[in-house]
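Each chain, written out:
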Amino acid sequence: MNFLKYSILFLILCNIPSYSLAYFGGTLGSLTSYASSLLLIVFFFFVKDRNKPLLPFIILGLLYFLIGAINYTHLDEGNYFVKEFIRFMIVVVCGAEVIKRTTTKDIYLILLLGGLSVLINAIIFPSANANFSATYGRYSGFYLNPNFAGQICLVGYAISFSISRQAWKLIGQFVFTLAGILTFSRTFIVVWLVISLFAIIQSKKNIRVPAIGAIVIILVLAFAESMTLNKDRFSAFQSIFGSEQVKTKIISKDTRDQTWSLYYDMALDKPFIGNGYLKLSKKYQGKPGAHNSFLMIFGEAGVIPLLVMLGIYGYLLLKSFTFFKTQPEVFYITLVIVLALMTSHQYFTVFYFVFVSMFVYFRLEELSSVQNTSLNLPNNKPPTTLPN
């Protein structure tokens, strides 16, 4: 069962099906995609002591797909809609059993592999950019898209604050910071700074974190000449830390709020049943995709699934903040996921978001259970702490 668990985590958290499709063709891409679903089903049927289903995520999936089907007009010769619906339900039903038995360290180690893949892409295989040109200069490793890779690095960085062994913590923080910088994602830099600030507020021991960032910046600037880096993004990055004027035009070019504005009228036109599945998550009528999961759900399936989505992540964000002093990494992870959902529209196709969200949900249930047990213990003796 452990072998199954780690295989599933590797396939999903390292984006292996999409990576295989991009670099090794449709056959291997399909095999790894079907393998991830099949392994989830096998794990579900052989695991002992199943948990109660995660109804919020199941209800969200049912509402999004069933309401989104009303105005679904894309040519669907391969039954794409049905396949994606089944895959998502397998993840939220069967995947919940995997995540329930997954520790923070498990996710940390798997994401560390993902972070290392970004570094290998940048240093050893800089021309390997399946979705972009060979000289694109923004790196993504297993994740194919540098913005997605930046989000992965942020979750790994957030989890690093819960790792007790100092060597592994520092290795992870260095790898995730360097890999994230090499994605040249503007969101990564901003959220990294926010998490670091929260970490210092939470514990003065984290004052060394800016030193890691400074070392990474020095390394990137020192070795830039020997690397293929995105000229515009690197120039803007360099201007922040140099003496020249900060290149705000590059930093503010094609920002997400400009993309979102393309869809406001479309979403508001059909607020109750939406415009139909894929209308905001794929290129449609010359538009690039919403790049916002909340806007995508509203625009494709209307206000009801949107309210469920807001309820789930509002709960996770507020509940995780109540444990900020004792388990800050749960709040950091939730913050990263919420912000990532505001810049991505792949919630129902790239299952990394759902997996990590379910992990946070279970983690909060465990923390609440320990808290309640503590309140009921004689003389309020503290219970045993949860394992990472």
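Rules and cut-offs
- Residues numbered from 1 in each chain as written.
- Predicted model: local features only at pLDDT ≥ 70, side-chain atom pairs only at ≥ 80, totals over all residues.
- Heavy atoms only, no water.
- Axes fitted to C-alpha atoms, helices over the stretch in contact; angles between N-to-C directions.
- Helix = DSSP H or I, 4+ residues; strand = E, 2+ residues; numbered from the N terminus.
- Parallel < 35°, antiparallel > 145°, perpendicular 65-115°, else oblique.
- Contact = heavy atoms within 4.5 Å.
- Nonpolar A, V, L, I, M, F, W, Y, C, P; charged D, E, K, R; others polar.
- Left-handed = near helix turned anticlockwise from the far one by under 90°.
- Phe/Tyr/Trp six-rings, centres within 6.5 Å; stacked < 30°, edge-to-face > 60°.
- Buried < 20%, exposed > 50% of the residue type's maximum accessible area, 1.4 Å probe, protein only.
- Lys NZ or Arg CZ within 6 Å of the ring centre and 35° of its normal.
- Expected span 1.5 Å × (residues − 1).
- pLDDT = per-residue confidence, 0-100.
- Salt bridge = Lys/Arg side-chain N within 4 Å of Asp/Glu carboxyl O.

**Quick word on the packing of helix α16 (residues 293–301) against helix α17 (residues 303–321)**
Where α16 contacts α17, the axes come no closer than 7 Å and their chain directions differ by 155°. Taken together, the axes of α16 and α17 lie roughly antiparallel to each other. Contact residues: α16 offers Ser293, Phe294, Ile297, Phe298 and Ala301, while α17 offers Val303, Pro305, Leu306, Met309 and Leu310. Its residues placed into classes, the contact of α16 with α17 shows 9 nonpolar, 1 polar and no charged.

**Some remarks on the packing of helix α4 (residues 55–68) against α17**
Pairs of packed helices are described in terms of their axes, by the angle between the two and the distance that separates them. The contact between α4 and α17 brings their axes to 9 Å, and the two run at 155°. By the angle class used here, α4 and α17 are roughly antiparallel. Every pair of crossing elements has a handedness; the one defined by α4 and α17 is left-handed. Here α4 contributes Pro56, Phe57, Leu60, Leu63, Tyr64 and Ile67 to the contact with α17, which in turn contributes Ile304, Pro305, Val308, Met309, Ile312 and Tyr313. Residue classes in the contact of α4 with α17 are distributed as 12 nonpolar, no polar and no charged.

**Brief notes about the packing of aromatic side chains**
The description of two aromatic rings rests on the distance between their centres and on the angle between their planes. Inspection of every chain in the model, using the stated rule, returns 42 aromatic pairs. Seen in terms of ring centroids, Phe88 and Phe351 are 6.4 Å apart; in terms of plane orientation they differ by 55°. Their pairing is tilted. Here the residue Phe88 occupies a position in helix α5 (residues 80–93), and Phe351 occupies one in the loop between α18 (328–341) and α19 (352–376), the gap between them amounting to 263 residues. Neither Phe88 nor Phe351 differs from the other in exposure class; each is buried. Directly above the ring of Tyr263 sits Lys287, whose terminal nitrogen or CZ lies 5.3 Å from the centroid.

**Topic: α18**
With 14 residues, α18 extends 20 Å from end C-alpha to end C-alpha; this agrees with the ideal 20 Å at 1.5 Å per step. Buried residues dominate α18, accounting for 13 of its 14 residues.

**Quick notes on the confidence of the model for the protein**
Chain-level pLDDT for the protein is 89 on average; 92% of the residues reach the 70-or-more range. The secondary structure element of the protein with the lowest average pLDDT is helix α13 (residues 248–251), at 52, and the one with the highest is α17, at 97.

**With respect to the environment of Tyr332**
The residue Tyr332 is located in helix α18 in this model. When its relative accessible area of 1% is taken as the criterion, Tyr332 is described as buried. Beyond its immediate sequence surroundings of up to four residues, Tyr332 is in contact with Ala158, Phe161, Ile195, Phe198, Ala199, Gln202 and Phe324.

**Here's the deal with the pattern of salt bridges**
Any two side chains of opposite charge can pair, on the condition that their charged atoms come close. In total, this model carries 4 salt bridges according to the counting rule given. Across the pair Arg101 and Glu97 runs a salt bridge, and its minimum N-O distance is 2.8 Å. Note on Arg101: relative accessible area 27%, which makes it partly exposed. Notably, a salt bridge pairs Glu366 with Arg363, separated by 3.7 Å at the nearest N-O pair. Remark: Arg363 and Glu366 occur in helix α19; sequence separation between them is 3 residues, near one turn of the helix. With relative accessibility at 25%, the residue Glu366 sits in the partly exposed group.

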